[in-house]
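Listed here are the chains, written in short residue letters.
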Amino acid sequence: MTEKKPWHGVNLATTLPFHEDLSVAYDAYAEHVRFTTANGVTGIIPNGSLGEYQTLTEDERKQVFLTAVEAAPEGVAVIPGVGAYGALESVRLTEHAAENGAPAVMLLPPNAYRASDDEVVEHFRRVAAVGLPVLAYNNPIDTKVDLRPDLLARMFDEGLIVSVKEFSGDVRHAYEIRELAPGLDISIGSDDVVLELGINGAVGWVAGYPNAIPAATVELYDLSTSNDPAKWARAHEIYRDLHPLLRWDSKTWFVQAIKLSQQVAGVAPVGITTRPPRLPLPEAIRDQIIADTEAVLAKGYR
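Residues numbered from 1 in each chain as written. Predicted model: local features only at pLDDT ≥ 70, side-chain atom pairs only at ≥ 80, totals over all residues. Heavy atoms only, no water.

Participant: So what's going on with the pairing of strand E1 (residues 9-13)? Which residues, and what values?
Facilitator: Judged by how many residues are buried, E1 sits mostly within the fold: five of five residues are covered. Looking at chain direction, E1 and strand E8 (residues 204-207) are connected through four bridges and run parallel. Following the sheet pairing, Gly 9 is matched in E8 by Gly 204. Of the crossover connections in this fold, the one passing from E1 over helix H1 (residues 26-38) to the parallel strand E2 (residues 43-45) is right-handed. (Buried < 20%, exposed > 50% of the residue type's maximum accessible area, 1.4 Å probe, protein only. Helix = DSSP H or I, 4+ residues; strand = E, 2+ residues; numbered from the N terminus. Pairing = 2+ DSSP bridges. Right-handed = clockwise from strand over helix to strand, strands pointing away.)

Shown next, in the form of structure tokens:
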């Protein structure tokens with residue numbers, strides 16, 4: 001049996017509630033951490049893309065992380081995202097995480113421009129030097145930098161990363177990663193490939209929709225990663241029911257979509273405000289997300 005690491009299991013990339021004046025609603029965020037972990041989420045990842053980290057000051061990011069640490073029950077890992085435009089900021093955030101007991105951090109490649117392979121490796125090298133395990137976050141859609149399987153293998157061989165959040169949507173990458181870096185843990189990075197990567201040996205899920213329907217999505221993950229073909233039939237049934245909703249996690253409006261689904265499910269601790277430049281959803285998109293969420297709830301998923 002594989003030893004369970006802090007980045008294994010369902011690590012929730014938490015949404016971040018804001019007051020109407022756009023200030024961070026820290027108390028509501030703590031409430032959300034307690035709610036989701038009480039419903040099966042095994043880890044919390046603050047300051048990821050869903051947490052709108054790009055719109056936060058460095059001080060806000062540190063306080064969001066500390067709020068999650070205080071709210072999370074014993075045994076729940078809190079692994080902050082430390083992605084930033086500059087490596088020096090990522091290093092400072094990682095040092096703060098280390099000083100406050102984080103077991104690991106999640107790191108994007110440089111995303112202010114399309115970095116070269118050598119620049120990507122140096123970026124990870126600087127953060128890894130702090131001493132915490134690093135989860136690479138591959139999001140070529142938004143960052144324009146693809147952490148290809150060969151590049152991940154290069155960083156793994158140097159001891160810079162322990163896991164990858166694979167968000168490319170290309171499930172073929174998992175097979176190549178296993179061939180080139182068999183010791184590198186793979187985490188499901190996009191909600192709409194849970195089953196495909198789950199049955200292929202993923203050991204974690206950096207998840208979005210458990211923000212709104214934690215119990216059902218945790219069950220889906222557990223069944224998909226069970227390595228038990230007898231359970232995969234039930235996983236497939238749940239997956240078919242949830243997929244119209246899960247696919248919003250990989251669309252442009254993923255932050256607004258998941259916050260809206262939280263509101264429809266009655267689990268949004270405050271409103272569904274997002275910080276600019278994000279705007280309220282177009283009416284047609286909003287109506288579709290509401291319909292997709294209500295359809296899932298009507299089938300008893302929570």
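So, next bit.
Participant: Would you mind going over the pairing of strand E7 (residues 185-188) in detail, with residue names and values included?
Facilitator: A two-sided burial pattern is seen for E7, the buried positions comprising Asp 185 and Ser 187 on one face and Ile 186 and Ile 188 on the other. Here four bridges tie strand E6 (residues 163-166) to E7, and the two strands are oriented parallel to one another. From the neighbouring strand, Lys 165 faces E7, where its bridge partner is Ser 187. Note that E7 and E8 share two bridges and pair parallel. Opposite Ile 188, over in E8, you have Trp 205 as the bridge partner.

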